[in-house]
Amino acid sequence: MTPGDKGSSCQGQFTNPETPGYVGFANLPNQVHRKSVKKGFEFTLMVVGESGLGKSTLINSLFLTDLYPERIIPGAAEKIERTVQIEASTVEIEERGVKLRLTVVDTPGYGDAINSQDCFSTIIAYIDDQFERYLHDESGLNRRHIVDNRVHCCFYFISPLGHGLKPLDVQFMKAIHNKVNVVPVIAKADTLTLRERERLKRRILDEIDEHGIKIYHLPDAESDEDEDFKEQTRILKASIPFAVVGSNQQIEAKGKKVRGRLYPWGVVEVENPEHNDFLKLRTMLITHMQDLQEVTQDLHYENFRSERLKRGGRLSSHGYILPLSPAKGSDPEEMDKDMILQEKEAELRRMQEMIAKMQAQMQKQGEGDGDGQHM
Amino acid sequence: MSEIVPPEVRPKPAVPAKPSHVGPSSTGIPSALGSQGSGVGGHGSGGGSALLGYIGIDTIIEQMRKKTMKTGFDFNIMVVGSSGLGKSTLVNTLFKSQVSRKSSGWSRDEKIPKTVEIKAVSHVIEEGGVKMKLTVIDTPGFGDQINNENCWEPISKYINEQYEKFLKEEVNIARKKRIPDTRVHCCLYFICPTGHSLRQLDTEFMKHLSRVVNIIPVIAKSDTLTVEEKNEFKQKVRKELEISGIEFYPQKEFDEDLEDKSDNDKIREAMPFAVVGSDKEYQVNGKRVLGRKTPWGVVEVENPNHCEFAQLRDFLIRSHLQDLKEVTHNIHYETYRAKRLNDNGGLHPISSATPSDTQESNL
């Protein structure tokens, strides 16, 4: 194949196909791009926070949809009965030919009860369950259409009314920071003046450091990116945690229609960077969607997988998941270990049966002699 | 005992009720004294049991006022709510002085207390020659833990302890002329402005304590709600309070007469008040106002279009301050006292020195 052939067969996008030694695989990213656009993207976002922090409004604002059309908000009396629920809603958004299958996992009931001791075990179980399912699919026979329902990102809503993180916030974030990318968000930020907002952000960052919570860190811009992008990344990194306001109502302000909240003393504009960090949050989410997925795959999922398989190796007979057909895709070393363990367990069982038999015999003898000699 | 001795005592009904009396705030003299109905100052003529000349009975109001000004009076207000709801700021704004230490000044070392603490701080403030010993009772740690079960117990205990203290003083043989009143006259309960509904903790607290102390629920940091959201939220909260059977102050059952009832009805319709507190001043339209400055405008604390702080202040301080004390004394305290006396078949030696047994026959 001569360089010339390759060059002319691909729409002439490359500079200098006549260069000797030119192969043309620089076209690869475009091919990947085209394929992924056709395939579409999947993203799962989890939102956690007490009721009334504006989570649903924010999600609707972020994606300009109404994810919760018929919502009934329960009163305090009804809330007593509820434990934390997991509600996943999926919506397909398409923009300029790119399809995004977005799943938002909501957690109503979190932090509502008087005693919130156990409110996050349900959530952690859900996250683990998605990992488990993926592991099962990945190790299965038919791997073509694996659906990725793993949680790629978790927005944790912090109340702007407190002085920082509450004990529940700290405990929850510590429990999930090794399983999912945690992005802390300050909700209803229009409660705060600018100074209060800065103070709260600093306080939260200090407390996150103090408790060793690992939140999601934006990757630094590569050195070959342009200055604008580097600047943008710098600004984003400096604004964490994002203080946001959500709204889907159109208000008339300064002659134009904006999305915002109308107060007697002014209008809070959702998309005004001086009013709140909504745009920054949206930018971060969109430009780093890929990175969030990668970190979920490479870090959290791999952690889960290695933990699971290590554990699974010791509990062989109790239904742990290994490849359905042992011959394909599994480590021969692990297979051997497995067989050895199975043998050992079988031996143990036999020995236990023997001991039980002996004990029964001794009991019978004891009864016969009239004194219960038990060992 | 209450600092103002009523000049005449109306016959008390079987159910404890507020005795009405002539106080410095009322504008009229009871008609039993004469057909002249209003004002200080004499009238020579009139029908019925007219007085033939000016006696000067109406100067009793002046005398009482002078006395009150000399002795001053106590007012104890308790603030309850999760941390960060602006309790201290609101109290400072209400009384226009730094009477409460703001917890936003907490440094790293001062963590949220593990259990509910009770902190009472007193200040003497003066206005127009009238001295008031104001005690603000703060409850840091309320509602801040992960497990908030029974977090109202320390508060309930404190309130009952104050009643107990007063009771002990009252049954003493050698009583003080003026028993120091540390009973909680009013409890401001701060509701978190979620915009959805009351939280479980809110209803539980108010259920347990509305029979023991006057509870005034307020919606804290209400600049987070737009006007529609605020009205909706208020309706929801009122409905929930009704369903749970929570009687907040002013309680319907203690309305004396029609006038009271109509006044209080108007107030009850407007409660819970949605307030914003601030101790900073800003320039708005050439005036200096207390408020909060944001990039999109200044929230004026005393502007009735912005929030209901002015209403709360007028209600709490300018019209119902004395009434709060009376309801506490005549109803909540009496209920406690009756229960105490009935429970142990009389007062047991709670105080070692006083021979309270001899008092029993008088009681």
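Here is what the cut-offs are and how they apply
Residues numbered from 1 in each chain as written. Chains lettered and ligands numbered in written order. Predicted model: local features only at pLDDT ≥ 70, side-chain atom pairs only at ≥ 80, totals over all residues. Heavy atoms only, no water. pLDDT = per-residue confidence, 0-100. Contact = heavy atoms within 4.5 Å. Axes fitted to C-alpha atoms, helices over the stretch in contact; angles between N-to-C directions. Helix = DSSP H or I, 4+ residues; strand = E, 2+ residues; numbered from the N terminus. Parallel < 35°, antiparallel > 145°, perpendicular 65-115°, else oblique. Nonpolar A, V, L, I, M, F, W, Y, C, P; charged D, E, K, R; others polar. Phe/Tyr/Trp six-rings, centres within 6.5 Å; stacked < 30°, edge-to-face > 60°. Buried < 20%, exposed > 50% of the residue type's maximum accessible area, 1.4 Å probe, protein only. Patch = residues over 30% accessible without salt bridge, like charges linked within 9 Å, V, L, I, M, F, W, Y side chains within 5 Å. Areas by Shrake-Rupley, 256 points an atom, 1.4 Å probe, with all protein chains shown as cover. Salt bridge = Lys/Arg side-chain N within 4 Å of Asp/Glu carboxyl O. Lys, Arg positive; Asp, Glu negative; His and termini not counted. Charge placed at Lys NZ, Arg CZ, Asp CG, Glu CD. Buried area = accessible area lost by both parts, 1.4 Å probe. Pairing = 2+ DSSP bridges. Disulfide = S-S within 2.5 Å. 1 Å grid on protein atoms, 1.4 Å probe; cavity = no way out; pocket = protein on both sides within 12 Å on 5 of 7 lines; lining within 4 Å. Points joined across faces, edges and corners; volume = space filled by probe spheres on them.

Trainee: Please explain the confidence of the model for chain A as it appears in this structure.
Mentor: Interpretation of the predicted coordinates at a detailed level should be avoided for regions scoring low in pLDDT. With 82% of its residues at a pLDDT of 70 or more, chain A has an overall mean of 79. Within the model, pLDDT remains below 50 along residues 323-330 of chain A, and this stretch shows 10 contacts once partners closer than five positions in the same chain are excluded.

Trainee: Before we go on, may I ask you to explain the packing of helix H3 (residues 153-171) of chain B against helix H8 (residues 321-343) of chain B in this structure?
Mentor: Packed helices, taken two at a time, are described by their axes: the angle between them and the distance between them. Residues and elements named next belong to chain B. Across the interface, H3 lies against H8 with an axial gap of 10 Å and an inter-helix angle of 80°. With respect to H8, the element H3 is oriented roughly perpendicular. Taking contact as the criterion, the partners of Asn160, Tyr163, Glu164, Phe166, Leu167 and Glu170 in H3 are, on H8, Thr328, His329, His332, Tyr333, Tyr336, Arg337 and Arg340. Of the residues belonging to the contact of H3 with H8, the class tally is 5 nonpolar, 4 polar and 4 charged.

Trainee: Teacher, can you tell me more about the packing of aromatic side chains here?
Mentor: Centre distance and the angle of the planes are the two values used to describe a pair of aromatic rings. Taken as a whole and judged by the stated rule, the model has 16 aromatic pairs over all chains. A centroid spacing of 6.0 Å and a plane angle of 55° characterise the contact between B:Phe273 and B:Phe315, whose relative ring orientation is tilted. Taken as a pair, B:Phe273 in strand S6 (residues 273-274) and B:Phe315 in helix H7 (residues 309-319) lie far apart in primary sequence, 42 residues in all. B:Phe315 carries the same exposure label as B:Phe273, and that label is buried. Ring pairing ties together the aromatic residues A:Tyr110, A:Phe120, A:Tyr156 and A:Phe172, which thus form one cluster.

Trainee: I keep staring at a positive patch on the surface and nothing clicks. Help me out?
Mentor: Taken together, the side chains of A:Arg195, A:Arg199, A:Arg202 and B:Lys280 make up a positively charged region of the molecular surface. The residue A:Arg195 is located in helix H7 (residues 194-211) in this model. By relative accessible area, A:Arg195 is classed as exposed at 61%.

Trainee: What exactly am I supposed to notice about the interface of chain B and chain A here?
Mentor: Buried accessible area, meaning the area lost when the parts come together, often serves as the stated size of an interface. With 47 residues of chain B at the contact, the number on the chain A side is 44 residues. For the chain B and chain A pair, buried surface summed over both sides reaches about 4,000 Å², with 55% attributable to carbon and sulfur atoms. Summed over the three residues of chain B that lose the most area to chain A, namely B:Ile146, B:Gln200 and B:Trp296, the buried surface amounts to 24% of that side. For the interface between chain B and chain A, the tally reads 2 salt bridges.

Trainee: In this structure, what is going on with the sheet that holds strand S8 (residues 287-294) of chain B? I would like to understand it.
Mentor: Neighbouring strands of a sheet are bound in pairs by backbone hydrogen bonds; such pairs are parallel or else antiparallel. Residues and elements named next belong to chain B. Read from one edge to the other, the open sheet built from 3 strands follows the order S7-S8-S9, with strand pairing classed as antiparallel. The open sheet is flanked by strand S7 (281-284) and strand S9 (297-300), the only strands paired with a single partner. Neighbour-to-neighbour, the strand axes of the sheet open up by a mean angle of 70°, direction not taken into account. In terms of strand pairing, S8 meets S9 through 4 bridges, oriented antiparallel. Paired with Lys293 across the bridge in S9 is Val298.

Trainee: I'm lost on the pairing of strand S8 (residues 256-263) of chain A in this one. Help?
Mentor: Residue and element names in this part refer to chain A. The pairing of strand S7 (residues 250-253) with S8 spans 4 bridges and is antiparallel. When the sheet's bridge partners are listed, Gln250 is paired in S8 with Arg259. Linkage of S7 to S8, two consecutive antiparallel strands, is achieved through a turn of 2 residues, within which Lys254 is found at a positive phi near 50°. In terms of strand pairing, S8 meets strand S9 (residues 266-269) through 4 bridges, oriented antiparallel. In the sheet register, Gly260 faces S9, and the bridge partner there is Glu269. Adjacent in sequence and paired antiparallel, S8 and S9 are bridged by 2 residues.

Trainee: In this structure, what is going on with the state of the cysteines? I would like to understand it.
Mentor: Linking two cysteines covalently through their sulfur atoms gives a disulfide. Residues and elements named next belong to chain A. Applying the stated criterion across every chain, the model contains 0 disulfides over all chains. Just so you know, Cys153 is unpaired, no disulfide at all, and the nearest cysteine sulfur is the one on Cys154, 7.0 Å from it. Given a relative accessible area of 0%, Cys153 falls into the buried group. Judged by its relative accessible area of 0%, Cys154 falls in the buried class.

Trainee: Would you mind going over the pattern of salt bridges with me for this structure?
Mentor: Where charged atoms from two side chains of opposite charge approach closely, those side chains can pair. Tallied over the entire structure, the rule returns 40 salt bridges over all chains. A salt bridge links A:Glu271 to A:Arg259; its shortest N-O distance comes to 2.6 Å. Placement of the pair is A:Glu271 in the loop between S9 and helix H9 (278-287) and A:Arg259 in strand S8, with a sequence separation of 12 residues. Across the pair B:Glu334 and B:Arg337 runs a salt bridge, and its minimum N-O distance is 3.8 Å. Placement of both B:Glu334 and B:Arg337 in helix H8 is noted, with a separation of 3 residues, approximately one turn of the helix. Salt bridges sharing common partners tie together B:Lys96, B:Glu302, B:Arg313, B:Asp314 and B:Arg318.

Trainee: I would appreciate a short explanation of empty space enclosed by the protein in the present structure.
Mentor: Empty space among the atoms becomes apparent when a probe as large as a water molecule is rolled across them. One pass over the full model with this rule turns up 7 cavities of 30 Å³ or more. Around the largest cavity, the lining comprises 19 residues; the ones closest to its centre are A:Glu50, A:Gly111, B:Gly143, B:Asn148 and B:Arg199. Taken together, the elements giving at least two residues each to the lining of the largest cavity come down to helix H6 (167-176) of chain A together with helix H4 (200-209) of chain B. For the lining of the largest cavity, the per-class residue count stands at 6 nonpolar, 7 polar and 6 charged. A volume near 90 Å³ is recorded for the second largest cavity. Forming the boundary of the second largest cavity are 14 residues, of which A:Gly52, A:Leu53, A:Leu161, B:Cys192 and B:Thr194 lie nearest the centre. Of the residues assigned to the lining of the second largest cavity, the class counts are 5 nonpolar, 6 polar and 3 charged.

Trainee: Help me understand the confidence of the model for chain B in this model?
Mentor: Residues and elements named next belong to chain B. Per-residue confidence for chain B gives a mean pLDDT of 78; residues scoring 70 or more make up 78%. Scored below 50 in pLDDT, residues 1-47 makes 59 contacts in the model with residues more than four places away or belonging to other chains. Predicted confidence is poor over residues 349-363, with pLDDT under 50, and the contacts of this stretch with residues over four places away or in other chains come to 18 contacts. Taken over the whole predicted complex, pTM reads 0.74, whereas the ipTM for its chain interfaces reads 0.71.

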